[in-house]
Each structure stands twice: as C-alpha cells, then as structure tokens.
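Given next are the chains, with one letter for each unit.
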Amino acid sequence: MSRLTLLAPLAGWSAPLDEIPDAVLAQKMLGDGTVIDPTGHVLFAPCDGEVISIAPTRHAIALRATNGAEILMHVGIDTVGLGGKGFELHVVPNAKVRAGDKLLSFDLEFLAREAKSLMTPLIVTNGEQFEIVARHVDREVAVGDALLEIAPVASAGAKAIPDSGGSETARIRVVHEHGIHARPAALVASYARGVNTELEIQAHGRNANPRSAVALMSLGIRGGDEFTVVATGADAVKAIAGLRQLINGLEHPAPAQSASQPPRHAVANGPIDRSRLRGVIASRGLAIGRAFFLREAEIVVAEAGSGLAHESGELDRARSEVRDRLQQLASTSTATAREIITAHLEFVDDWELVAAARRAIARGKSAAFAWRRAVRDSAEVLKGLGDPRIAERVDDLLDLERQVLIALLGQTPAAQVEIPDRAIVLAEDLKPSQFVSLDIHKLAGICLATGGPTSHVAILAAAVGVPTLVAAGAAILDIADDTQLILDAEQGVLRVTPEPVELATAERAIAARRQRLAAERSVAQSPCRTADGQRVEVFANLGSLAEAQAAVAQGAEGCGLLRTEFLFLDREQAPDEREQLRRYQEIAEALGGRPLIIRTLDIGGDKPIAYLPLPAEDNPALGLRGVRTSLWQPQLLRVQLRALLQVQPSGQCRVLLPMITDVAEIRTVRSVIAEVARELGIATLPQLGAMIETPASAVIADQIAREVDFLSIGTNDLTQYTLAMDRGHAELAARIDGLHPAVLRLIAMAAEAGSRHGKVVAVCGGLASDPVAVPVLLGLGVSELSVVPSIVPSLKHLIGQLTLDSCRALAQRAMAQDSSEAVRSLLTESSHELKVAL
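None of the values given here were measured: they were computed from a predicted structure.

Conventions adopted
- Residues numbered from 1 in each chain as written.
- Predicted model: local features only at pLDDT ≥ 70, side-chain atom pairs only at ≥ 80, totals over all residues.
- Heavy atoms only, no water.
- Salt bridge = Lys/Arg side-chain N within 4 Å of Asp/Glu carboxyl O.
- Helix = DSSP H or I, 4+ residues; strand = E, 2+ residues; numbered from the N terminus.
- Buried < 20%, exposed > 50% of the residue type's maximum accessible area, 1.4 Å probe, protein only.
- Pairing = 2+ DSSP bridges.
- Axes fitted to C-alpha atoms, helices over the stretch in contact; angles between N-to-C directions.
- Parallel < 35°, antiparallel > 145°, perpendicular 65-115°, else oblique.
- Left-handed = near helix turned anticlockwise from the far one by under 90°.
- Contact = heavy atoms within 4.5 Å.
- Nonpolar A, V, L, I, M, F, W, Y, C, P; charged D, E, K, R; others polar.
- Expected span 1.5 Å × (residues − 1).

1. Thoughts on the pattern of salt bridges
Where side chains of opposite charge bring their charged atoms close, a pairing between them can arise.
Then, number 1: Per the counting criterion, the structure on display carries 37 salt bridges.
Then, number 2: In this structure, Arg173 and Glu226 form a salt bridge, with 3.6 Å as the shortest nitrogen-oxygen distance. Here the residue Arg173 occupies a position in strand 15 (residues 167-173), and Glu226 occupies one in strand 18 (residues 226-232), the gap between them amounting to 53 residues.
Then, number 3: With a relative accessible area of 44%, Arg173 lands in the partly exposed category.

Below you can see the structure in the form of structure tokens.
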C-alpha cells in the first residue's frame, strides 16, 4: 500500500464532510472524506482502480484504488428513493478505470428538484487501513483538482490466513421465499460458529464470512438465488452438508404486502385527505382512542476515546449487560418474541460488527462512537440492497445500537413508557424494544409513518392483538397529541377527528366484538363439552413459561404439546438435567396441576442443532428425525427423561414420542424410562404417548395403541407425508391442506384404533386450531384438541354449540369428497346445519 492523491470527481465547491446534511455521513459513520456541492453533471473516477460496487439505483459507485483503498461516491442525499431515475451509468461492475474516466452522468436540474440535497460525498470506507493526511476543501474545484491525500495506517498489517487444509465447494439454492434475512442469517451464523471448519459464502460477486449475520445479509441473497459455499478444513464435506440441510429447512413465511408499497394516499394525484389517512395493515382490529406521539431523542456520543483498554472493556461490559437482559427477556417471552430476541442476540455478538467497532477503538474512538459507526455502516449496506424485507431488519440493528449505547452511558432502559388510557401511539417508526416498553393494557393501537407489515414490531403487535397500521406516510406526524382517532386496521384507514356518527358506528362494532369475546370467555374457564354433553378437552401447544401462563388465562385445560426444542436451540451445548428440570417444573407450576404433555426432543429435518451435527442426508425429512435422533443420541434422551420424571406433582407429566413409525421404537424408549426411573427411585412411571405423523403410523395405529397410553395426531407432518408435498415449498403451499380426504381417512383410522383400545386420541397439529376443521375432527373420534393458546376461548364456545351426531354425519360426508377444496366448500355450506359460524 502506498500514499495516494484522490482527485475531484466533480466540478463544484468542496467542503468538510461534517457539513453534509446527513447525520450518518456527517458523523463519519461510513468513513472519513469530503463533500462536493456540484455544478457539473458528470462523475469521474478520482483515481486508478476497479469498480467494486454500483448501487442498483445507480446513484452510488465504489472503487478499489490500486493501493487497496476503497472509495465511495454517493451522488446527492436520499437519491436512492429516485429508483435510478435521472442517472446514466458509463461503467459496469469490476471494470478497470483510470483517473478521469467517466463513471456516471446525472440530470442536475431533476436532482435539484427531487433530492434532499445535491451534496456528493467522497468517502474512504476502509478507514482502518488508510488515513487522510491532507485535505483541499472550502474552495471551488474543477474535475481533476487534488482533493484528498491518503496514506496507509502504520499499524494496519495483512490479515493472517488460516491453514487451509482440505477445501470443498458447493452450490446451494435458497428455496426460502424471502431469502436470507435476519432470522435465517442468525441461524446460519450460529451454525457456522459451531463447526470446526472455515466457511465462506459467495453471491452476486461478493463474499462474506457466514459467522457474521450482518455480512451474510449484506450479500442480498433472495429467494430462488444460488450461492457458493467454500469450506476449508478436515470436516469440509460434513459442514457443507449441514449448511445445505439448514438452508433447505428454513421456514417459509406467508406472503405479505411489501413494505415498499406506499399507502394509497401517497400515490394519489390529488391532495391528501388529512381526515382519512391510509396505511398498510400490519395487525388487524379496530380501536378508538387519543393520539399519543412517541418520540425518541438521538443519543449524543463523544468521538474521542479514553484509551484502547478502557474503551474495549466498556464495549464488552455494555454488550454483556444487553446480552444478559435479552436472554432474561427471552426466557419469559412468547415464542414470537423469543424468535425476535434471538435475532437481536446474534447481533450483539456479531463477528463483523464487533470487529469493526474494535478497529475504530484502536484508532482512538470511544466505544460508543465505534459501536454506532459499526452498526450504521452495516445498516447502510442493508438499506442499499433494494430488498424491502432486508431493509426492515435495519430497525433491529438500530434498536440494538441504542440498547448498547444506553448501557455504555450507564443508564437503565425504561421498563415501561407511560401512556394514557386508550392511547393510539403515533410514531415515525417503532423499534421492538420500544414496543415491549408500552403498557399493553393502555395501548389501543399503533399507526406508524414508515415501517412494513413484516417488521418485527408488526409481528409483535399481531401476536398480542394490537391493531396496527404501518407506512401511513408523513401526514400522521402532523397530528397533535390527544386528537380523537379511529384506527381501522380492517380497512387500513386512520380517521382523524371523526364525526360523531363515525364514532358511534365504531363503538357499536367494538361493542359487538367485545360481546362475542365475552361469550367466549364465559365458557373459557369451564370444562369443554358439546351441546349434547360429550366431554372434549381443549389443551394448548406451548413453547415457553410465558405461553403457559397465557394459556391458563385463556382457559386451556392443560398442555397437549410442550415443544422442548426451545431449550436446545440457539445455544452452544445441550441443557443439562438441572436446567431442564427447572424449566419443566416452572411450566408445570404455571399450569396449576393441569396435565403437561412433554414431547421429547424433536430435531433433525427442519430443526437442526449446531452442536449436534447430523450425518449428511440427501433428504433430511426422511432421515434422522424425531425419536430416531433421540435413539441415535441416547444420552440426550436419558438426560431429558431424568429431568421430566422428577417434575412434581408426580403424574402431572406425560411423555410424548415424536415421529413414531413402528412399535419397536416405543418399546425401546419405554425400557429407557423404566431404567431411568429405577436410577431415581421412582416407582410410578408417567403415561407414554405416540405421535401419529406418518401414513405408516396411522396404518398400524392399532398396534401402536396397544403399546401406549394415548395417541396424538400431528397433522402438519401427516399431511405433508401423505400428500408427498413439502410443507415449506412455496409453490405447493396452497395445496397442502389437512382437510384432504386422504388425510381425514388416516385420522379416522387412528381415532378408531384408539377407541378400540380405550385410549384417548388427540390432535395437536395445525388442523386442531382451524375452527372449520373442528366439527370434522370431533366427528372422526378425536376427543382432545391441543391448539394455539389465543384460540382456546373461541374453540370452546364453538364446541359448546355442536352435537356429536351432527359432527359424525359431517365427517362421513367430508371423507367422501374428492379434494380438500371440496371438503372446505362442504363445511362452509353445512355451517347453517350445525347452527354455528365457521
């Protein structure tokens, strides 16, 4: 590396970087440099080098100079929003250029009208390797005039290259509909850190170390893209196989409206009707309340540090405080919130974020300044990818930035923001940590100027039933505090200062909804029976202590499925016996003596674990899954059984075995239970159940029922295996329906087998939570349903209106149909016969 003079790429007036009207750039969070207010309309190369990046919207270009310096030129401020209009490229990525070559042209008059500012920064982005030693600013410059002189940092040495060992390369296609966004990236990062192999992922001409979720997201890998993985080390083949399995098993979320789609008022040609502002629905519902504007002041940080040792220690302390708080929060959160918190935990220890902050600290910056710069740099990269779903994850990064800065300042984050009763919170945007600080009991609704329907705040709001609109536009920022509002998140409208007739109509709609919910709640805490007196137990599927507490409040009569994977995922090693017992006991106590059915560890397939690398499999869904994995790793099973056998009171816990396909598996586990019980001095063994999740287990349900105390039908896997359709396949998702006649006939076989042997038959899969399917399931002989907690009251209310005879007749007609569509049509038409609304 050598000293280099950067020439003015534009004609205009040069100025210090801190004069640019953009806080991120002015605070040098992308790097140091200068800015030009242009009078010309052509951007030229400031030095010899190679084009390493061109923004999809053509407003920014990055070069790598011959000495290794990376130079970013960004024409105007907020010009990414122009979508490329007004720009013309003269180069392509990877092109070699000489100083003075044309890079791009732009319409100066158009940008002057449409952009926030024409000021164009020139920034050295790899400042850990180069420093600016001379500046020629505060003067008029012509193209080619000397602008900056840069030199290599004396302490910047070459990065050590690890011993390569064996190397393997593979191509992997991302079938996940939305590509590698935050949660998939967090999973991949966790996996990469857990293997004894160096991994590199290459996509779109760029590469990243997958140990960094941020670096991985910056590759812009979308659904359907292929990427290359290079693995180096003795276990290279195994590491690639595990990564492929993980990528193929990523969950496919349901399609949602794009966050980039503006609200309808924003694209109208006429003036905005400020009494009726349109937004994008993120969480449905209707609310009446008063405006409460939530503002968040920017945290001011000092740039200069107090020495390498002090600032490094402070960064570690703050990250540790935030990590501990998030882990504590995750342990008591719902599954939805826990998933989001897990992504934040990945960012706290993100390899690239921490490394970037440490480099800045080494250059004399404070820990706060270094952390903010590292986060903002990564956020800018993600926003520049042009993918709305990735851009929504920027809020998670900025949320974590603030949490660490608060810890660095020695402050305690507010446990709760004080809001008035029936508050409709208005904000430009809302971060997850802000949402959880709101008093849900006083919160009527949320309306945001920006944001998207798949943001983490939208997910959290939907999980607790708070009506929410996003992307409602800047007009909501002009609404005064305490203004009367109607938030209609069914129609996507915020009504400002509504007329009395509108308020009365909304009040009636809310009252009708409350009346229906009250009717459901009135039966929620009573044992569930059909209209003709037949007992049907309504249990809840659980994945945490918080969900157990919520389920009891909703009227759940027990837990029909405790997913114990929550204890094993997102960690470096398996939980020990003591930790498992403590967590199971907490949930048992929360249930207040109600039955607790604990499913043994169900990993493999779509739930891999980083510290338990599974053998390479061409089809993981047909390999080591469920009980097969437990029998393959019997020590994991023994520890789990020892923990759950000690839960008190004795007899409350029952054991459920996943993915059973023959009776030998049941007998093997039963013998392990007996052996563990002898070791613990326990005389009474828990009830043992088997999941019916494959056509094989349904067909031999008669044999299985003789070996167990109860059967539980997992309709999700039973449906995909019966129909030979991957439930995660985007193209097939609409066709995968548990009401397919073939699936219904298998459920009938299992229910008949259970009845013949006097065993309870439950359904714990997604079909149990579908009100349309419930009459059919009861008619097939199911006497226990395990559902998502929030739907318990409505299902109990529904079941109370049904008779078994009518359900049996309906089930027979359903099995005679020729498709799932025909079944659903039949159920819709038959709802009046049942005298219920399905």
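Further notes follow.
2. Quick word on the pairing of strand 5 (residues 49-54)
Then, number 1: In this structure, strand 5 lies alongside strand 6 (residues 60-65), joined through 5 bridges in antiparallel fashion. In the strand pairing of strand 6, Ser53 is matched with Ala62.
Then, number 2: The loop that links strand 5 with its antiparallel partner strand 6 comprises 5 residues; one of these, Arg58, has a positive phi angle of about 65°.
Then, number 3: By the bridge criterion, 2 bridges tie strand 5 to strand 9 (residues 96-97) in an arrangement that is antiparallel.

3. Some details on the packing of helix 17 (residues 577-590) against helix 19 (residues 634-645)
Then, number 1: Contact geometry for helix 17 and helix 19: axes closest at 8 Å, N-to-C directions at 40°. Between helix 17 and helix 19, the angle falls in the class oblique. Considering the relative orientation of helix 17 and helix 19, their crossing is right-handed. On helix 19, the residues touching Glu577, Gln580, Leu581 and Tyr584 of helix 17 are Val639, Gln640, Arg642, Ala643 and Leu644.
Then, number 2: When its residues are assigned to classes, the contact of helix 17 with helix 19 shows 5 nonpolar, 2 polar and 2 charged.

4. Regarding helix 5 (residues 236-248)
Then, number 1: For helix 5, which comprises 13 residues, the first-to-last C-alpha distance of 18 Å matches the rise-based estimate of 18 Å (1.5 Å per residue) to within 8%.
Then, number 2: Along helix 5, the residues classified as buried are Ala236, Ala239, Ile240, Ala241, Gly242, Leu243, Gln245, Leu246 and Ile247.

5. What to know about the sheet that holds strand 4 (residues 42-44)
Then, number 1: The strand order across the open sheet formed by 3 strands is 4-10-8, and the pairing between neighbours is antiparallel. In this open sheet, the two edge strands, each paired with only one partner strand, are strand 4 and strand 8 (87-89). The sheet shows a mean angle of 20° between the axes of neighbouring strands, taken without regard to direction.
Then, number 2: Both strand 4 and strand 10 (residues 102-106) contribute to a ladder of 3 bridges, which runs antiparallel. When the sheet's bridge partners are listed, Phe44 is paired in strand 10 with Lys102.

6. What to know about the environment of Ala69
Then, number 1: Mapping Ala69 onto the fold places it in the loop between strand 6 and strand 7 (70-74).
Then, number 2: With a relative accessible area of 0%, Ala69 lands in the buried category.
Then, number 3: For the pair Ala69 and Phe130, spaced 61 residues apart in sequence, the C-alpha separation works out to 6.8 Å.
Then, number 4: Sequence-distant contacts of Ala69, that is, excluding residues within four places in its chain, are made with Leu63, Arg64, Asn126, Phe130 and Ile150.

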